[in-house]
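Overview (structure and organization)
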Amino acid sequence: MIKVESFELDHKKVLAPYVRKAGVLKGEKGDLVTKFDLRFVQPNKEMLEDEGIHTLEHFLATFMREKINGLIDISPMGCRTGFYMVTFGEVEVDKVIEAINYSLDKITKQTEIPAANETQCGSAKLHSLELAKEYSRRILEEGMKSKFYRD
Ligand SMILES: [Zn+2]
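Below is a short write-up of the structure. All values reported here derive from a predicted model rather than from experimental measurement.

Regarding its fold elements, the chain presents 3 helices and 4 strands. Listed by position from the N terminus, the elements making up the chain come as β-β-α-β-β-α-α. Relative to the 2.2 N^0.38 estimate, which gives 15 Å for 151 residues, the radius of gyration of the chain is 15 Å and therefore close to what a compact globule would have. Counting the 151 residues in the chain, one finds 42% classified as buried. For the chain, contacts bridging at least 24 residues in sequence account for 68% of all contacts bridging at least 6. Averaging the positions of the 23 positive and the 25 negative side-chain charges in the chain gives two centres separated by 4 Å.

On to the packing of helix 2 (residues 93–107) against helix 3 (residues 129–142), then. Running from amino to carboxyl end, helix 2 crosses helix 3 at an angle of 135°, the nearest separation of the two axes being 8 Å. The angle between helix 2 and helix 3 falls in the class oblique. The way helix 2 lies across helix 3 gives a crossing that is left-handed. On the side of helix 2, the interface is formed by Asn101, Leu104, Asp105 and Ile107, while helix 3 contributes Ala132, Lys133, Ser136, Ile139 and Leu140.

Note on the zinc ion: its protein donors are His54 (NE2), His58 (NE2) and Cys121 (SG). The metal-donor distances range over 2.1 to 2.2 Å. Here His54 falls in the buried class, since its relative accessible area comes to 11%. Take Cys121: its relative accessible area is 11%, and that puts it in the buried class.

What follows concerns a nonpolar patch on the surface. Judged by side-chain polarity, Ile2, Val4 and Phe7 come together as a nonpolar surface patch covering roughly 370 Å² of accessible area. Relative to the elements of secondary structure, Val4 occurs in the segment before strand 1 (18–26). Judged by relative accessible area, Val4 falls into the partly exposed class, the value being 36%.

An ideal rise of 1.5 Å per residue puts 26 Å on 18 residues; helix 1 (residues 50–67) measures up with 26 Å between its terminal C-alpha atoms. Along helix 1, the sharpest kink reaches roughly 35°, centred on Leu60. Among all positions in helix 1, only Gly52, Ile53, His54, Thr55, Leu56, His58, Phe59, Leu60, Phe63 and Met64 are buried. Looking at the packing, one finds that the buried side of helix 1 touches strand 3 (71–76), strand 4 (82–88), helix 2 and helix 3.

A few words now on the environment of Leu38. Secondary-structure assignment places Leu38 in strand 2 (residues 32–39). Here the alpha-carbon distance between Leu38 and Ile74, two residues 36 residues apart in the chain, equals 9.3 Å. Once residues within four sequence positions are removed from consideration, Leu38 is found in contact with Tyr18, Val19, Ile74, Met77, Thr81, Gly82, Phe83, Met85, Val96 and Ile100.

Conventions adopted
Residues numbered from 1 in each chain as written. Predicted model: local features only at pLDDT ≥ 70, side-chain atom pairs only at ≥ 80, totals over all residues. Heavy atoms only, no water. Helix = DSSP H or I, 4+ residues; strand = E, 2+ residues; numbered from the N terminus. Rg over C-alpha atoms; globule rule 2.2 N^0.38 Å. Buried < 20%, exposed > 50% of the residue type's maximum accessible area, 1.4 Å probe, protein only. Contact = heavy atoms within 4.5 Å. Lys, Arg positive; Asp, Glu negative; His and termini not counted. Charge placed at Lys NZ, Arg CZ, Asp CG, Glu CD. Axes fitted to C-alpha atoms, helices over the stretch in contact; angles between N-to-C directions. Parallel < 35°, antiparallel > 145°, perpendicular 65-115°, else oblique. Left-handed = near helix turned anticlockwise from the far one by under 90°. Donors = N, O, S within 2.8 Å, 3.2 Å for Na, K, Ca; no water. Patch = residues over 30% accessible without salt bridge, like charges linked within 9 Å, V, L, I, M, F, W, Y side chains within 5 Å. Areas by Shrake-Rupley, 256 points an atom, 1.4 Å probe, with all protein chains shown as cover. Salt bridge = Lys/Arg side-chain N within 4 Å of Asp/Glu carboxyl O. Expected span 1.5 Å × (residues − 1). Bend = angle between axes of the 7 residues up to and from the residue.

And the structure:
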């Protein structure tokens, strides 16, 4: 079996919300790629509702790119407790937290979901602006941390 880095994380010991730098990969030509976990809610205790995480995904795809150059991808985790994020270059956790706080604050002020139509989205009805705002307010209140294991 191939070892998968994220399977090595003890999900019983983490304390959400947090940003974890999962690793920096180096390509054949020397390019660096950084991979992050953006954990919004506590694993095995809570899940983000489908509509809410999907709407967050649409907003974060736009707003995170305003702050992080070289952002390749930000996608929901299958366990619905947060997002994976991949960037070109080496990016520091503090910079990601700053970008998340910026994005979440901006989400709380939105009145329309970007690209929530059948041309631009695969499940255009699966959205909730209210849930995305509620999650954003909550994460801002709790505060994204760089420390992810509880003491
Ligand atoms: Zn979509």
